[in-house]
Amino acid sequence: MSNYRNDENTDFQVSDVKRSVKITASIPLSLHVVAKSMYAIQGKKMGDRVEYLLRGDLKRMLKTEMFKKMPDTDIALFKAFIDMKDIYPSGICSQDEEGK
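Below, the discussion takes up the overall build of the chain. Looking only at helices and strands, one finds 5 helices and 2 strands in the chain. Listing each helix as α and each strand as β along the chain from the N terminus yields β-β-α-α-α-α-α. Burial statistics for the chain: of 100 residues in total, 13% are counted as buried. Residue pairs at least 24 apart in sequence account for 41% of intrachain contacts in the chain once pairs closer than 6 positions are excluded.

The following block contains the structure:
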């Protein structure tokens, strides 16, 4: 791996970089409480469910006219990143559930 220097001038490797990011969104408190409770009942984390929903939304967006007009190479790149298997944390959803 390539070595990079961070703000403290200490070496770290690309493999040390986290493969996920934390996102925030302003949603009504009541929606947050209900979602968190219902996902917990299912044994799922809210972040896992948000990731699953974002993937589905992005896949649907690729089918819209705006994206159909883009070059096939660009669409293939988007699809490759959306479908990357190694970024699914274990236990989010099976490949069968993903297709629903």
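Next comes the rest of the account.
Below, the discussion takes up the side chain of Glu-51. For Glu-51, the position within the fold is in helix H2 (residues 46-61). Within the structure, Glu-51 has its side chain in polar contact with the side chain of Arg-55 (distance 2.8 Å).

Attention now moves to the pattern of salt bridges. What the rule picks out here adds up to 3 salt bridges. In this structure, Glu-51 engages Arg-55 in a salt bridge whose closest nitrogen and oxygen atoms are separated by 2.8 Å. Of this pair, Glu-51 and Arg-55 both sit in helix H2, 4 residues apart, which is roughly one turn of the helix. The pair formed by Glu-51 and Arg-55 is uniform in burial state, with each residue classed as buried. Measuring nitrogen to oxygen at the nearest pair gives 3.2 Å for the salt bridge that ties Lys-59 to Asp-83. Here Asp-83 lies in the loop between helix H4 (72-82) and helix H5 (95-98) and Lys-59 lies in helix H2, a separation of 24 residues in the sequence. Residue Lys-59 is classed as partly exposed on the basis of its relative accessible area of 26%. Of the residues examined, Asp-83 reaches a relative accessible area of 28% and is grouped as partly exposed.

Bringing helix H1 (residues 29-41) into the picture now. Counted at 1.5 Å a residue, the expected span for H1 with its 13 residues is 18 Å, and the 18 Å between its end C-alpha atoms agrees. Just beyond H1, the residue with positive phi is Gly-43, at close to 80°.

By the definition in use, this model includes 1 aromatic pair. Measuring from centroid to centroid gives 6.2 Å for Phe-67 and Phe-78, while their planes differ by 85°, and the two rings are edge-to-face. Of this pair, Phe-67 sits in helix H3 (residues 65-68) while Phe-78 sits in helix H4; the two residues are 11 residues apart in sequence, bridging distant segments of the chain. Judged by its relative accessible area of 13%, Phe-67 falls in the buried class. Take Phe-78: its relative accessible area is 37%, and that puts it in the partly exposed class.

Turning next to the confidence of the model for the chain. In the predicted model, the chain carries a mean pLDDT of 76, and 66% of its residues have values of at least 70. Considering each helix and strand of the chain separately, the mean pLDDT is smallest for H5, with a value of 44, and largest for H1, with 95. A low-confidence stretch, residues 90-100 stays under pLDDT 50, and its non-local contacts, those more than four residues away or across chains, total 16 contacts.

Definitions and limits used
- Residues numbered from 1 in each chain as written.
- Predicted model: local features only at pLDDT ≥ 70, side-chain atom pairs only at ≥ 80, totals over all residues.
- Heavy atoms only, no water.
- Helix = DSSP H or I, 4+ residues; strand = E, 2+ residues; numbered from the N terminus.
- Buried < 20%, exposed > 50% of the residue type's maximum accessible area, 1.4 Å probe, protein only.
- Contact = heavy atoms within 4.5 Å.
- Polar contact = N/O pair within 3.5 Å; in protein donor to acceptor, adjacent residues only side chain to side chain.
- Salt bridge = Lys/Arg side-chain N within 4 Å of Asp/Glu carboxyl O.
- Expected span 1.5 Å × (residues − 1).
- Phe/Tyr/Trp six-rings, centres within 6.5 Å; stacked < 30°, edge-to-face > 60°.
- pLDDT = per-residue confidence, 0-100.

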